[in-house]
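Reading the structure
Letter by letter, the chains look like this.
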Amino acid sequence: MGDFSGKTAFITGAAHGQGRATALLLAKEGADIVAFDVAKKIEYPAYEFGTGEELKSLKAEIEALGRRALIAAGDVRSDAAISRAVDEAIAAFGKIDILFNNAGICAYAAVDTMTDDEWDAMIDINLKGPFNVTRRVVPHMMKAKSGVIINNSSTMGLRGGKRLSHYTASKWGLTGLTKAWAIEFAPYNIRVVSIHPTGVNTPMNDGLAALEGSTPLEIAERSAGNLLPVPWLEVEDVANLVAYVASDKARYATGSQFVLDAGLLTV
Ligand SMILES: NC(=O)c1ccc[n+]([C@@H]2O[C@H](COP(=O)([O-])OP(=O)(O)OC[C@H]3O[C@@H](n4cnc5c(N)ncnc54)[C@H](O)[C@@H]3O)[C@@H](O)[C@H]2O)c1
């Protein structure tokens with residue numbers, strides 16, 4: 001049993017990609033998992049989202065590891081869905097120790113042709129979504145006087161991206177929330193950190209490639225600048241970082257930005 005024996009982790013965007021890999025690693029290391037995902041196609045961007053089948057297979061994989069899993073289909077824009085999932089989690093597991101605000105979307109759009117709907121969806125999901133979830137989870141952490149919140153920002157939360165102004169703004173906003181929440185929650189012994197991966201090999205990258213009429217590798221290379229000779233990270237690389245920052249090994253890290261960028265931000 002690893003670092004997370006007896007802990008509960010609430011993970012958004014858990015059906016596939018980085019959220020799923022993190023759910024499986026934390027479960028392998030002893031955590032019970034609440035896997036929250038919209039689990040259906042939404043209006044924007046026009047690529048593949050997680051599915052109910054993926055949530056069900058994730059639950060089966062976690063249970064095969066000997067841990068408990070609660071799956072919840074819902075949108076991070078819906079307070080009702082979040083509140084229901086948090087209530088179910090507390091009823092099932094009694095507490096939430098770790099929150100991974102991971103659900104997010106990405107799409108390219110130039111400023112002069114970007115629609116209100118594109119701007120609003122990006123900000124509502126990537127920035128307001130983590131706020132929506134955190135405000136329902138954190139009262140339970142405050143009561144327990146313990147907790148860790150990890151926000152999945154991006155290197156775009158520390159730099160700019162071409163045709164990504166809405167995404168960049170949402171991810172810088174999430175870096176800002178990390179700072180503000182670290183201050184607000186520290187008296188309750190709750191840590192808040194953000195992680196900043198470079199491109200990751202996930203369905204999001206595949207979806208962006210399809211929308212751009214490109215290949216995933218071309219998309220990775222276009223936004224690249226990785227110093228190390230790799231086009232992207234694998235989901236397990238991100239999961240390993242989350243497992244570290246969520247653990248007591250990082251017990252005095254709060255308000256911090258953890259960069260995993262193959263050297264991208266160095267130049
Ligand atoms: N892939 C990358 O290159 C990369 C790099 C850095 C940071 N990120 C960030 O990492 C996070 C995870 O990305 P990923 O690459 O695993 O993406 P992904 O698209 O492969 O997976 C995202 C998951 O989130 C879910 N989701 C999307 N919108 C949701 C909503 N409104 N409510 C609930 N669930 C929703 C999807 O159904 C999906 O299962 C995102 O916040 C993303 O911005 C991605």
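Preceding this section is the structure that the text describes.
Residues numbered from 1 in each chain as written. Predicted model: local features only at pLDDT ≥ 70, side-chain atom pairs only at ≥ 80, totals over all residues. Heavy atoms only, no water.

This part takes up the overall build of the chain. Scanning the chain for helices and strands turns up eight helices and seven strands. The C-alpha extent of the chain, read off along each of the three principal axes, is 50 × 35 × 35 Å. Counting over 267 residues, the chain shows a buried share of 53%. Long-range contacts, defined here as pairs at least 24 residues apart, represent 75% of the contacts in the chain between residues at least 6 apart. Counting only carbon and sulfur atoms, one obtains 55% of the accessible surface of the chain, whose full area is about 11,500 Å². (Helix = DSSP H or I, 4+ residues; strand = E, 2+ residues; numbered from the N terminus. Buried < 20%, exposed > 50% of the residue type's maximum accessible area, 1.4 Å probe, protein only. Contact = heavy atoms within 4.5 Å. Areas by Shrake-Rupley, 256 points an atom, 1.4 Å probe, with all protein chains shown as cover.)

On to a negative patch on the surface. A contiguous patch of negative charge on the surface is contributed by Asp 116, Asp 117, Asp 120 and Asp 124. By the element assignment, Asp 116 lies in helix 4 (residues 116-144). The class of Asp 116 is exposed, set by a relative accessible area of 62%. (Patch = residues over 30% accessible without salt bridge, like charges linked within 9 Å, V, L, I, M, F, W, Y side chains within 5 Å. Salt bridge = Lys/Arg side-chain N within 4 Å of Asp/Glu carboxyl O. Lys, Arg positive; Asp, Glu negative; His and termini not counted. Charge placed at Lys NZ, Arg CZ, Asp CG, Glu CD.)

With respect to the helices and strands, Thr 178 occurs in helix 5 (residues 165-185). Classification of Thr 178 as buried rests on a relative accessible area of 0%. Those residues in contact with Thr 178 that sit more than four places away from it in its chain are Asn 151, Val 192, Val 193, Ser 194, Gly 255, Ser 256 and Gln 257.

With that settled, consider the site of the ligand. Neighbouring the ligand are 29 residues; Asp 37, Gly 50, Tyr 167, Val 200 and Thr 202 lie closest to it. In this structure, an oxygen atom belonging to the ligand sits 2.8 Å away from a main-chain N or O atom of Val 200. For the ligand, the protein covers 97% of the area, taking 830 Å² as the surface of the free molecule. When atom positions are compared with the pocket grids, the ligand is found to occupy the largest cavity. Elements supplying a minimum of two residues to the shell around the ligand: helix 1 (17-28), helix 5 and helix 6 (203-212). Here the shell around the ligand is built from residues that sort into 12 nonpolar, 14 polar and three charged. (Near = heavy atom within 4 Å. Polar contact = N/O pair within 3.5 Å; in protein donor to acceptor, adjacent residues only side chain to side chain. 1 Å grid on protein atoms, 1.4 Å probe; cavity = no way out; pocket = protein on both sides within 12 Å on 5 of 7 lines; lining within 4 Å. Sits in = over half its atoms within 2 Å of the grid points. Nonpolar A, V, L, I, M, F, W, Y, C, P; charged D, E, K, R; others polar.)

Counting across every chain of the model gives four aromatic pairs. Ring geometry for Trp 181 against Phe 185: centres 6.3 Å apart, planes inclined by 25 degrees, an arrangement best described as stacked. Remark: Phe 185 and Trp 181 occur in helix 5; sequence separation between them is four residues, near one turn of the helix. Accessibility classification places Trp 181 together with Phe 185 in one group, the buried group. (Phe/Tyr/Trp six-rings, centres within 6.5 Å; stacked < 30°, edge-to-face > 60°.)

All chains considered together, the criterion is met by one cavity of 30 Å³ or more. Here the largest cavity defines a volume of roughly 830 Å³. Forming the boundary of the largest cavity are 48 residues, of which Gln 18, Gly 104, Tyr 167, Thr 202 and Met 204 lie nearest the centre. Only helix 1, strand 2 (32-37), helix 5, helix 6 and helix 7 (216-222) provide two or more residues apiece to the lining of the largest cavity. (Points joined across faces, edges and corners; volume = space filled by probe spheres on them.)

One finds Phe 10, Phe 36, Ile 105 and Ile 149 to be the most contacted residues of the largest nonpolar core, which totals 45 residues. Counting residues per element, the ones that place at least two in this core are strand 2, strand 3 (69-73), helix 3 (79-93), helix 4, helix 5, strand 6 (190-197) and helix 6. Ignoring sequence-local partners within four residues, the contact set of Ile 149 consists of Leu 99, Asn 101, Thr 134, Val 138, Met 141, Phe 185, Ile 190, Arg 191, Val 192 and Val 193. The next biggest cluster of nonpolar side chains, apart from the first, holds 38 residues, and it includes Ala 14, Leu 24, Phe 100 and Ala 243. (Core = buried A, V, L, I, M, F, W, Y, C linked by side-chain atoms within 4.5 Å.)

Turning next to the layout of surface pockets. Estimated volume of the largest pocket: approximately 310 Å³. What lines the largest pocket is a set of 19 residues, and nearest its centre among them are Gly 147, Val 148, Asn 189, Arg 191 and Asp 248. Those elements that provide at least two residues to the lining of the largest pocket are strand 5 (147-152) and strand 6. A breakdown of the residues in the lining of the largest pocket according to their chemical character gives eight nonpolar, five polar and six charged.

Attention now goes to the sheet that holds strand 1 (residues 8-12). As summarised here, the arrangement of the seven strands in space is 3-2-1-4-5-6-7, forming an open sheet in which the pairing is parallel. For this open sheet the edge positions go to strand 3 and strand 7 (257-260), each flanked by a neighbour on one side alone. This sheet shows a mean twist of 15 degrees between the axes of neighbouring strands, independent of strand direction. Where strand 6 and strand 7 come together, four bridges link them in parallel fashion. Bridge pairing in strand 7 places Pro 197 opposite Leu 260. Packing against the sheet, helix 1 makes contact with strand 1, strand 2, strand 4 (98-101), strand 5 and strand 6, and its axis sits at approximately 170 degrees to strand 1. Across the sheet, helix 2 (residues 52-64) lies against strand 2 and strand 3, angled at about 170 degrees from strand 3, the strand it touches most. (Pairing = 2+ DSSP bridges. Axes fitted to C-alpha atoms, helices over the stretch in contact; angles between N-to-C directions.)

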